[in-house]
Amino acid sequence: MTKYIIKGGRPLQGEVEISGAKNAAVAIIPAAMLVDGACRIENIPQISDVTMLLNILKRMGAKVKTVDRHTMDIDCSGVRRARADFDMMTRIRASYYLIGALLGRFGQAVVAMPGGCNFGSVRPIDQHVKGFIAMGAEVEVKNGLVVATTPEGHLHGADIYLDVASVGATINIMLAATFASGITRIENVAREPHIVDVANFLNAMGADIRGAGTNVIKVRGVERLSGGTYALIPDQIEAGTYMAAVAGAGGSLLIKNVIPKHMDCITGKLEEMGVRVEEGEDQMLVSRSGPLRRINVKTLPYPGFPTDMQPQIATVLCLAHGTSVITEGVWDTRYKYVNELLKMGANITVDGRRAIIEGVERLTGAPLKACDLRAGAAMVIAGLCAQGVTEIEGVDYIERGYEDLVEKLRKVGADIESVDIPDPEERPEAVKIG
Ligand code: EPU
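Residues numbered from 1 in each chain as written. Predicted model: local features only at pLDDT ≥ 70, side-chain atom pairs only at ≥ 80, totals over all residues. Heavy atoms only, no water.

Caption draft 1: The site of the ligand, seen in detail. Contacts to the ligand come from 23 residues, most closely from Tyr96, Ser166, Val167, Asp308 and Val330. Within the contact set of the ligand, a nitrogen atom lies 2.8 Å away from a side-chain nitrogen or oxygen of Asp126. A distance of 2.7 Å is found between an oxygen atom of the ligand and a backbone nitrogen or oxygen belonging to Gln127. When the free accessible area of the ligand is taken as 830 Å², the share hidden by the protein chains comes to 90%. Counting residues per element, the ones that place at least two in the shell around the ligand are helix H1 (22–31), helix H5 (126–134), helix H6 (167–177) and helix H12 (373–385). Here the shell around the ligand is composed, by residue class, of 10 nonpolar, six polar and seven charged. A domain-level breakdown of the shell around the ligand finds at least three residues from each of domain 1 (2–18 + 235–423) and domain 2 (22–231). (Near = heavy atom within 4 Å. Polar contact = N/O pair within 3.5 Å; in protein donor to acceptor, adjacent residues only side chain to side chain. Areas by Shrake-Rupley, 256 points an atom, 1.4 Å probe, with all protein chains shown as cover. Helix = DSSP H or I, 4+ residues; strand = E, 2+ residues; numbered from the N terminus. Nonpolar A, V, L, I, M, F, W, Y, C, P; charged D, E, K, R; others polar. Domains from an automatic or database assignment.)

Structure, rendered in structure tokens:
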């Protein structure tokens, strides 16, 4: 096990390079299942969610060759079974994309119910299932398994209206529809940049998908996808996390390899708080020297403020003058991290989907435990801003989605280190209760 030790109170100064987008990678890697031949994917982030997915594909018979640290050749031609490894699947949310990909390729899929970050409520997949059924699949969810079959042997095009603009359902239905006969029209779809990236990847391999990035996506089924090369977009949330870090800790960061347009929803809010942002073509200079102002934030599907930046911005707002209100508009609840910030002297009251944050003079270092990926990132930001030492356990969550976080932060002046600690089960002082 690993923990991070942070001595806070140092402004950040220098350059940070953003990696490829996690949520594009975890969809595009399973999408390779639809490709006949090898596809070269560039700008793949080195994170544990990606490693886990690649292992799942390899176990299924895919060939994965590492070209360099961020480039992989993936060839799924040798996969013969529409069944994925259960144990590994339950550890990662994005394993659900294998349902759409396997259904599209084989007309059937047997996949474990997905795992991933738990925000305190069930993460349903009813909209994915509704789409598959509309395309002619029969889907049963029992004993932790999703079993999807097609009585006709393949899927057909359909008109599908999503009840919620779900990222996962939009991508999964797009994957399943790639080879479906006729036209699939999906309405009220999500518009996140990684959805456009998945559509661009599939189109680059020979698919016919239009409208990604708008409310309606139209997929005209094709016979076959063949190999090619594709580079992933930069990670909007990783970039936003560094923007929040410099907003909180102060200083000036040149954030490189970003698409500034994707950052608008975050940039606008940080500027309202008194952070200075200068945009270049593929980089942004973010600095903060004056006091932070209070703001209200409501998370919404793209192009709204992303829920995956909610814990990070809430942390920065702990140090702003006045009262800020955060409204979580995507998940029922995503405030498990608040208890950890309270230990550092934050003043936050959670009321359902709202968090009311009274700015305080300072946060004080404390021992913390990450409870999900973005919560963990928020705790790192809190540690960077706090006086004294913060120790964060549960960093496996953070390493699921942030490449080289510790190294990147050290390079810009943060006092953070990653240290190995014995597993609690093995610690001599550990007391087992119950
Ligand atoms: N929803 C349903 N039914 C469904 C699917 C979703 O009711 O069938 C609801 C959810 O309960 C939620 C809302 O719709 O209230 C949005 O869920 P969505 O399906 O969009 O989320 P997801 O696909 O499970 C992805 C990201 C999350 C991110 C959300 C929202 C991946 C692997 N995960 O999850 O990312 O929070 O979209 O933008 O792409 C993260 O990166 O930290 C992370 C959690």
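Caption draft 2: Region of the structure containing H12. Between its first and last C-alpha atoms H12 spans 19 Å; for 13 residues at 1.5 Å apiece the expected length is 18 Å, and the two agree. With 13 of its 13 residues buried, H12 lies for the most part within the structure. For H12, the side-chain oxygen to backbone nitrogen distance between the N-cap and Arg374 is 3.1 Å, and the N-cap itself is Asp372. (Expected span 1.5 Å × (residues − 1). Buried < 20%, exposed > 50% of the residue type's maximum accessible area, 1.4 Å probe, protein only.)

Caption draft 3: Inspection of the pattern of salt bridges at higher detail. By the definition in use, this model includes 19 salt bridges. Between Arg224 and Asp36 there is a salt bridge whose closest N-O contact spans 3.0 Å. Here Arg224 is found in the loop between strand S13 (216–220) and strand S14 (225–226), whereas its partner Asp36 is found in strand S3 (residues 35–36), with 188 residues between them in sequence. Look at Arg224 and you get partly exposed, because its relative accessible area is 48%. Residue Asp36 is classed as partly exposed on the basis of its relative accessible area of 38%. A salt bridge links Glu272 to Lys269, with the shortest nitrogen-to-oxygen separation between them at 3.0 Å. (Salt bridge = Lys/Arg side-chain N within 4 Å of Asp/Glu carboxyl O.)

Caption draft 4: Seen up close, the sheet that holds strand S21 (residues 347–351). Taken in spatial order, the four strands of this open sheet run S19-S20-S22-S21, and their pairing is mixed. In this open sheet, the two strands that pair with only one neighbour each are strand S19 (296–298) and S21. Adjacent strand axes in the sheet meet at a mean angle of 15 degrees, parallel and antiparallel pairs treated alike. Judged from the three bridges that link them, S19 and strand S20 (residues 323–327) form a sheet pairing that is parallel. In the sheet register, Val297 faces S20, and the bridge partner there is Ile326. (Pairing = 2+ DSSP bridges. Axes fitted to C-alpha atoms, helices over the stretch in contact; angles between N-to-C directions.)

Caption draft 5: Highlighting the environment of Asp73. Within the secondary structure, Asp73 sits in strand S6 (residues 71–75). Between the alpha carbons of Asp73 and Leu102 there is a distance of 19 Å; along the sequence they are 29 residues apart. Apart from the residues within four sequence positions on either side, Asp73 is in contact with Cys39, Arg40, Lys63, Val64, Lys65 and Val67. At a separation of 2.7 Å, a polar atom in the side chain of Asp73 contacts the side chain of Arg40. (Contact = heavy atoms within 4.5 Å.)

Caption draft 6: Here's a closer look at the packing of aromatic side chains. Within this structure, the stated rule accounts for three aromatic pairs. Taking the centre distance of 5.8 Å and the plane angle of 80 degrees together, the rings of Phe201 and Tyr230 count as edge-to-face. Pair noted here: Phe201 is in helix H7 (residues 193–204) and Tyr230 is in strand S15 (residues 229–231), with a separation of 29 residues, a long-range link. Between Tyr335 and Tyr337, the aromatic rings sit 6.3 Å apart at their centres with planes inclined by 50 degrees, giving tilted as the arrangement. (Phe/Tyr/Trp six-rings, centres within 6.5 Å; stacked < 30°, edge-to-face > 60°.)

Caption draft 7: Summary view of the environment of Ala244. Checked against the element boundaries, Ala244 lands in helix H8 (residues 236–249). Through-space distance from the C-alpha of Ala244 to that of Cys76 is 39 Å; in sequence the pair is 168 residues apart. Leaving out residues up to four positions away in the same chain, Ala244 has contacts with Leu270, Met309, Gln312, Val316 and Ile381.

Caption draft 8: Broad picture of the nonpolar core. Counting residues in hydrophobic clusters, the biggest one holds 82 residues, and the most contacted among them are Leu98, Phe201 and Leu202. Once residues within four sequence positions are removed from consideration, Leu202 is found in contact with Ala31, Leu34, Leu175, Thr178, Ala207, Ile209 and Leu225. Ile255, Ile266, Ala366 and Cys371 belong to the second-largest nonpolar core, a separate cluster that totals 75 residues. (Core = buried A, V, L, I, M, F, W, Y, C linked by side-chain atoms within 4.5 Å.)

Caption draft 9: Molecular detail of the domain arrangement of the chain. Here the domain parsing of the chain yields domain 1 (2–18 + 235–423) and domain 2 (22–231). Taking only C-alpha atoms into account, the centre of domain 1 sits 30 Å from that of domain 2. Interface of domain 1 and domain 2: buried area, both sides summed, is about 1,900 Å²; carbon and sulfur atoms make up 51% of it. Among the residues of domain 1 in contact with domain 2, Tyr302, Arg400 and Glu403 are the three that bury the most area, contributing 36% of the side total. Counting across the domain 1 and domain 2 interface gives three salt bridges. One salt bridge connects Asp404 with Arg69, and the closest N-O pair in it is separated by 3.1 Å. Applying the counting criterion to the domain 1 and domain 2 interface returns nine residue pairs in polar contact (both at pLDDT 80 or more). Elements that contribute at least two residues to the side of domain 1 that touches domain 2 include exactly H12 and helix H13 (396–399). For the side of domain 1 that touches domain 2, the per-class residue count stands at six nonpolar, four polar and 12 charged. (Buried area = accessible area lost by both parts, 1.4 Å probe.)

Caption draft 10: Molecular detail of the sheet that holds strand S5 (residues 63–68). Taken in spatial order, the four strands line up as S5-S6-S4-S15 in an open sheet, and their pairing is mixed. Of all strands in the sheet, those bounded by a partner on one side alone are S5 and S15. Between one strand and the next, the sheet's axes are offset by a mean angle of 20 degrees, whatever the strand orientation. As paired strands, S5 and S6 are joined by five bridges and run antiparallel to one another. Considered in S6, the bridge of Val64 is made with Ile74. Sheet strands in contact with H7 are strand S4 (38–42) and S15, and its direction is about 165 degrees off that of S15.

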